[in-house]
There are 2 protein chains.
Amino acid sequence: MKYFADCFTCYMNQIHRALRLLSPGIEERKVVDAQHTMMKFISQCDLDKTNNISFGTEVYRVVAETLGVRDPYKTLKIKFNQIALDLYPKLILIVKNSKNHIFTAIQMSIMGNAIDFGTSEDINIEKELNALSKQDLGGKVNIDNFIQSIKKAKKILVIGDNTGEIVFDRIMIEQILEEYPNKQIYYAVRRGPIINDSTLEDAKFVGMDKICPIVETSASPGLIVNKSTQKFIETFNQADLIISKGQGNFEAIVDENTSWTEVYFLLKAKCKVMETIFHVPIGTLLLVKKDVNLIERAAIEH
Amino acid sequence: MKYFADCFTCYMNQIHRALRLLSPGIEERKVVDAQHTMMKFISQCDLDKTNNISFGTEVYRVVAETLGVRDPYKTLKIKFNQIALDLYPKLILIVKNSKNHIFTAIQMSIMGNAIDFGTSEDINIEKELNALSKQDLGGKVNIDNFIQSIKKAKKILVIGDNTGEIVFDRIMIEQILEEYPNKQIYYAVRRGPIINDSTLEDAKFVGMDKICPIVETSASPGLIVNKSTQKFIETFNQADLIISKGQGNFEAIVDENTSWTEVYFLLKAKCKVMETIFHVPIGTLLLVKKDVNLIERAAIEH
């Protein structure tokens, strides 16, 4: 997906917010210099040949460079995974006590993209799940349609997003495998640190590698296919169902030719651009099936 | 004043907002290209040698260039002046019916910087004035201190800001001249179009040129002394009281050496940076006397 006018404002804001989060006492001038570096990068890019995933990658490269640390979110990522792991027994119980296990497990995975592990130490899962049940998922497909696609699929690729969230994805994958043990499921993480996204280390930390094979995408805030591992590219090309988590992967995959497969996006709308594309307020949880119209709609006003 | 991290975000937002305001159906790509041009400008600047007034000037140069119009706010400026002129008889009546004419006239001028002539066709002056009376003016000087400085001064320079607001400044200047006919008062406008700031044309439109001599500053959203007219520079150097209207002029003058004169800033805090400097919420009306501490405070965290 290309960028909207709000994206450039957002890159400046992201640098500011990330540096203040990761280094609360940082001098204003260092933040300004980081923004200046980002502007230099953008100003040298041909806007017709650059997408917002490249810009997003640069945002967090600049943040890491400014802080002089390769993986500035490392501590937070461990914390987010631990918070989610502590919730795991409770999450499983909710699924097993529900009328429709797979339905609830899918809700968990969608919800996992919405929970802010950074601002809440005391996440109330029942409340979150209750709120999710009451709200219409944006995107004009429902969870039952999605379950039908899961039933039909042989090889499923789940493209993960954040730490913490990965535990919620584990719940979904475990439930699919319990009900349909013959499905081949792969889980994709980033091949290197980028923001608070899950890497192989996180997949191992939360035990995802015990549930299904792990493949690695690019070290960017949404996948870049040709910068992903060969194993990922093979899996991506062979999967007959792709489950894409989060806004970053949505922005990346919406422009890819995936005509040979079904793609579902599970994400929270996190910015004004998503409001524009989906006509839903920021914060809406979305279950969206990729189709040509969606791409056309997402391409409007580029 | 130099810039804060919020300033870079703000420039991108200003371009976006201005283009949507002035050309509601503009294509997203034109907005993005305008932002890209702005980023190129910023990325080529040495941050140690550029201030935010230069950046603000470039923002509106880019907006004008994108729209292919030299003075894109022209229609709005006429409208704002006309709305304010229509209020003029009522404003005068309020001043004359008040206990302390000059006090109320100064309130009018401060209020003039706060009224958004763009969003309200039906401005309720009594309500605005009432709200102003109830709130503490930020800035630790009060209107009585300011009146004492007016009484002492011989040559007063009022540096104007927006159209519409200029009518409210006229009320203040007329009242000062009525009570102290021997004061020499000058009113400064921009020497060329920039945003909705007043120019000579606007000063004539609202009759300010009949009240006091008009001098012209730079065509920038805050004055740049060495780009102002010779007549302005002389007046600036000779004045023993400078009354600076609006945030743009504040940002410009706060770094200038004005040790030979008293400077009062009358402005509405319009962004987060003002919150940081003055420790007041956005929207607070400020009456601030320039002193060395103020400059130090404003220079914090550059």
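Every value quoted in this text rests on a predicted model; they were computed, and no experiment measured them.

**Student:** Outline the relation of the copies chain A and chain B, listing residues and values.
**Tutor:** Each copy of the sequence occupies a distinct position, and chain A is placed on chain B by a rotation of 180° and an axial shift of 0.0 Å, giving an RMSD of 0.0 Å. Look at the turn and shift together and you get a two-fold axis relating the two. Looking at chain A, 100% of its interface residues are interface residues in chain B too, so the copies touch through the same face.

**Student:** How would you explain the state of the cysteines if you had to name every residue and give the values?
**Tutor:** Among covalent bonds in proteins, the disulfide is the one between the sulfur atoms of two cysteines. Enumeration over the complete set of coordinates arrives at 0 disulfides over all chains. Considering cysteine sulfurs only, Cys271 of chain A is the nearest to Cys10 of chain A, which forms no disulfide, with 6.0 Å between them.

**Student:** Residues and numbers for the pairing of strand S6 (residues 285–289) of chain B, please.
**Tutor:** Residue and element names in this part refer to chain B. In terms of residue burial, S6 counts as a mostly covered element, since 4 of its 5 residues are buried. Strand direction decides the pairing type here: strand S5 (residues 262–268) and S6, joined by 5 bridges, are antiparallel. Residue pairing in the sheet places Phe265 in a bridge with Val288 of S6.

**Student:** Can you break down the interface of chain A and chain B residue by residue, with the values?
**Tutor:** It is common to report an interface's size as the accessible area lost on association of the parts. If you look at the interface, chain A gives 25 residues, while chain B gives 25 residues. In this assembly, chain A packs against chain B so that about 2400 Å² is buried in total across both faces, 62% of it on carbon and sulfur atoms. Of all residues in chain A, the largest losses of buried area upon contact with chain B belong to Glu28, Arg29 and Met39 of chain A, amounting jointly to 24% of the total for that side. Taken together, chain A and chain B are joined by 2 salt bridges. A salt bridge links Arg29 of chain A to Asp48 of chain B, with the nearest nitrogen and oxygen atoms 2.9 Å apart.

**Student:** Describe in detail the side chain of Thr104 of chain B, supporting the description with residues and values.
**Tutor:** Residues and elements named next belong to chain B. Mapping Thr104 onto the fold places it in helix H5 (residues 101–114). Residue class for Thr104 comes out buried when judged on its relative accessible area of 7%. In contact with Thr104, not counting residues within four places along its chain, are Ile94, Val95, Ser98 and Leu129.

**Student:** Give me helix H2 (residues 28–44) of chain B: which residues, what numbers.
**Tutor:** Here H2 of chain B is 17 residues long and its end C-alpha atoms lie 25 Å apart, about the 24 Å a rise of 1.5 Å per residue gives. Looking at H2 of chain B, one finds that the buried residues are Glu28, Val31, Val32, Ala34, Gln35, His36, Met38, Met39, Ile42 and Ser43 of chain B. Buried residues belonging to H2 of chain B abut helix H1 (5–22) and helix H2 (28–44) of chain A together with helix H1 (5–22) and helix H3 (52–67) of chain B.

Analysis parameters
Residues numbered from 1 in each chain as written. Chains lettered and ligands numbered in written order. Predicted model: local features only at pLDDT ≥ 70, side-chain atom pairs only at ≥ 80, totals over all residues. Heavy atoms only, no water. Least-squares fit on C-alpha atoms with pLDDT ≥ 70 in both. Contact = heavy atoms within 4.5 Å. Disulfide = S-S within 2.5 Å. Buried < 20%, exposed > 50% of the residue type's maximum accessible area, 1.4 Å probe, protein only. Helix = DSSP H or I, 4+ residues; strand = E, 2+ residues; numbered from the N terminus. Pairing = 2+ DSSP bridges. Buried area = accessible area lost by both parts, 1.4 Å probe. Salt bridge = Lys/Arg side-chain N within 4 Å of Asp/Glu carboxyl O. Expected span 1.5 Å × (residues − 1).

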